[in-house]
Amino acid sequence: MKIATYNVNGVNGRLPVLLEWLAEAGPDVVCLQELKAPQEKFPVAAIRDAGYEAVWLGQKSWNGVAILARGESPAETRRGLPGEPDPGQSRYIEATVNGIVIGCLYLPNGNPAPGPKFDHKLAWFEAFIGYAASLLARGVPVVLAGDYNVMPTDLDVYKPERWVDDALFRPEVRDAFHRLAAQGWTDALRTLHPGERTYTFWDYFRNAFGRDAGLRIDHLMLSPAVAARLVASGVDRGVRAKEKTSDHAPTWIELTDPR
């Protein structure tokens, strides 16, 4: 089973790239972020023509999350987080696919920091950490996938010294990520690539992709039952090299069948 997360940075504007990648990579489940489209503008017909069913939570011009499943309909279980600071922002959707609870999230950016946007990011992160603990307590297989807008370690950013005051790298945000992991979640990409500078995002400016000046901010966090099935993980960098593409690349895991 292949599960991917991909911040598309505008699902309609990037639709040709998305559909091409779906055909080439053939993931079973995909979590999308930054749809930047209201609910009624999600391209459901094109997604279905590609062989996928979907649930989504849109928002005009900003945010937006979706879960796609190949050959089956995701069974939606939640929209939004309990206790999140601004429920009007479309940042979390959850569904069950093939026996696994899939949580798709788009954590706030938080810049400039310090300031109200950074405070909102930390408050959203705390709500997410609390809800993640409740999922673990249920003992069910869970994948929490999405754009976390955090580089957990120095290895996850091309020049750490340039990012010390950024909301994606400040100590408070990294601490929140590590507290999440300490609940019992496995960072899939880092677990299988422990010493590599593996990035998932490259800015559009200053030839960042060509220089490999990237960030690892897209993560798949696995509950123990799912982590035991993890056999591969990676980033489809080639998608980032295409024309009219997102500044993120799809990040994915492969799982063995449950015993």
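Preceding this paragraph is the structure being described.
The residue numbers shown here count from 1 along each chain, following its written sequence. Two thresholds apply to this predicted model, a pLDDT of at least 70 for residue-level local features and 80 or more for giving and counting side-chain atom pairs, whereas whole-chain, interface and lining totals are computed over all residues. Based on all heavy atoms of the structure, the side-chain values leave hydrogens and waters out of the count.

Caption draft 1: Representation of a positive patch on the surface. Patches were defined on residues exceeding 30% relative accessible area and lacking a salt bridge, with like-charge contacts within 9 Å and nonpolar side-chain contacts (Val, Leu, Ile, Met, Phe, Trp, Tyr) within 5 Å. Residue-level accessible areas treat just the shown protein chains as cover; the underlying method is Shrake-Rupley with a 1.4 Å probe. Salt bridges, as used here, are contacts in which a Lys or Arg side-chain nitrogen is within 4 Å of a carboxyl oxygen on Asp or Glu. We score Asp and Glu as negative and Lys and Arg as positive, and we do not count His or the chain ends. Throughout, a charge is located at the NZ atom of Lys, the CZ atom of Arg, the CG atom of Asp or the CD atom of Glu. A cluster of basic residues, Lys159, Arg162, Arg206 and Arg211, forms a positive patch on the protein surface. Strands are runs of DSSP state E lasting at least 2 residues, helices are runs of H or I lasting at least 4, and numbering of each runs from the N terminus. Looking at the element boundaries, Arg162 is found in the loop between β8 (142–147) and α4 (171–182).

Caption draft 2: View of α4. Expected span, for any helix, means 1.5 Å times one less than how many residues it has. Given a rise of 1.5 Å per residue, 12 residues ought to cover 16 Å, and the 16 Å separating the end C-alpha atoms of α4 matches this to within 8%. Looking at α4, one finds that the buried residues are Val173, Ala176, Phe177 and Leu180. Along the long axis of α4, the arc covered by the buried residues comes to 95 degrees, so they all point the same way. The exposed set on the far side of α4, more than 90 degrees from its buried face, consists of Pro171 and Ala182. Phi turns positive, to about 130 degrees, at Gly184, one or two residues after α4. A 1.4 Å probe rolled over the protein chains alone gives each residue an accessible area, and that area as a share of the maximum for its type sets the label: buried under 20%, exposed over 50%, partly exposed in between. The arc refers to the directions leading from the helix axis to the C-beta atoms.

Caption draft 3: Layout of the packing of aromatic side chains. In this scheme Phe, Tyr and Trp rings, the latter by its six-membered ring, pair at centre separations within 6.5 Å, and the angle between planes marks the pair as stacked below 30 degrees, edge-to-face above 60, and tilted otherwise. Counted by the stated rule, this structure contains 9 aromatic pairs. Relative to Trp56, the ring of Phe42 lies with its centre 4.5 Å away and its plane at 15 degrees, an arrangement referred to as stacked. One end of the pair, Phe42, is in the loop between β2 (29–33) and α2 (44–49); the other, Trp56, is in strand β3 (residues 52–57), and 14 residues separate them in sequence. Judged by relative accessible area, which is 5%, Phe42 ranks as buried. Residue classification places Trp56 among the buried positions, given a relative accessible area of 16%. Note on Phe128 and Tyr148: the rings are 5.9 Å apart at their centroids and 75 degrees apart in plane angle, and the pair reads as edge-to-face. Taken together, the residues Phe128 in helix α3 (residues 116–138) and Tyr148 in the loop between β8 and α4 connect sequence positions 20 residues apart. Aromatic rings pair up to connect Tyr92, Trp124, Phe128, Tyr131, Tyr148 and Phe177 into one cluster. When the ring centre of Phe118 is taken as reference, the NZ or CZ atom of Arg170 above it lies at 5.1 Å. Note on criteria: charge over ring means Lys NZ or Arg CZ within 6 Å of the ring centre, with the direction from the centre no more than 35 degrees off the ring normal. The positively charged end of Arg174 is found above the aromatic ring belonging to Phe169, 4.1 Å away from the centroid.

Caption draft 4: Layout of the pairing of β8. Buried residues dominate β8, accounting for 6 of its 6 residues. In this structure, strand β7 (residues 100–106) lies alongside β8, joined through 6 bridges in parallel fashion. Note that in β8 the partner of Tyr106 across the bridge is Asp147. Viewed with both strands pointing away, a crossover whose connecting path from the first strand over the helix to the second turns clockwise is right-handed. With α3 bridging β7 and its parallel neighbour β8, the resulting β-α-β unit is right-handed. Of the pairings in the sheet, the one linking β8 to strand β12 (residues 218–222) comprises 5 bridges and is antiparallel in character. Bridge pairing in β12 places Asp147 opposite Asp218. Strand pairing is assigned whenever DSSP detects at least two bridges linking the two strands.

Caption draft 5: Representation of unusual backbone geometry in the model. Cis geometry marks the peptide bond from Asn111 to Pro112; its omega dihedral reads 0 degrees. Topologically, Pro112 is positioned in the loop between β7 and α3. With an omega of 0 degrees, the peptide bond running from Ala113 to Pro114 counts as cis. Residue position: Pro114 is located in the loop between β7 and α3. Residues other than glycine seldom take positive phi values, yet Asn9 does so here, at roughly 55 degrees. Looking at the secondary structure, you find Asn9 in the loop between β1 (2–7) and α1 (15–25). Under the relative-accessibility criterion, Asn9 is labelled buried at 11%. Of note, Asp212 is a non-glycine position whose phi angle comes to about 55 degrees, a positive value. Locating Asp212 in the fold gives a position in the loop between α6 (208–211) and β11 (214–215).

Caption draft 6: Seen up close, the layout of surface pockets. Approximately 730 Å³ is the volume attributed to the largest pocket. If you go around the largest pocket, you meet 33 residues; those closest to its centre are Glu34, Tyr106, Asn109, Gly110 and Asn149. Of all the elements in the fold, those that place two or more residues in the lining of the largest pocket are α3 and α6. Put simply, Ala, Val, Leu, Ile, Met, Phe, Trp, Tyr, Cys and Pro go in the nonpolar bin, Asp, Glu, Lys and Arg in the charged bin, and everything else, Gly too, in the polar bin. Looking at the lining of the largest pocket, its residues break down into 12 nonpolar, 11 polar and 10 charged. Put simply, the grid is 1 Å and covers the protein atoms alone, a cavity is a trapped set of points that fit a 1.4 Å probe, a pocket is an open set with protein on both sides within 12 Å along at least five of seven lines, and lining residues have an atom within 4 Å of a point. Grid points are joined across faces, edges and corners, and a volume is the space filled by probe spheres set on the points.

Read these as spatial facts, not as claims about activity.
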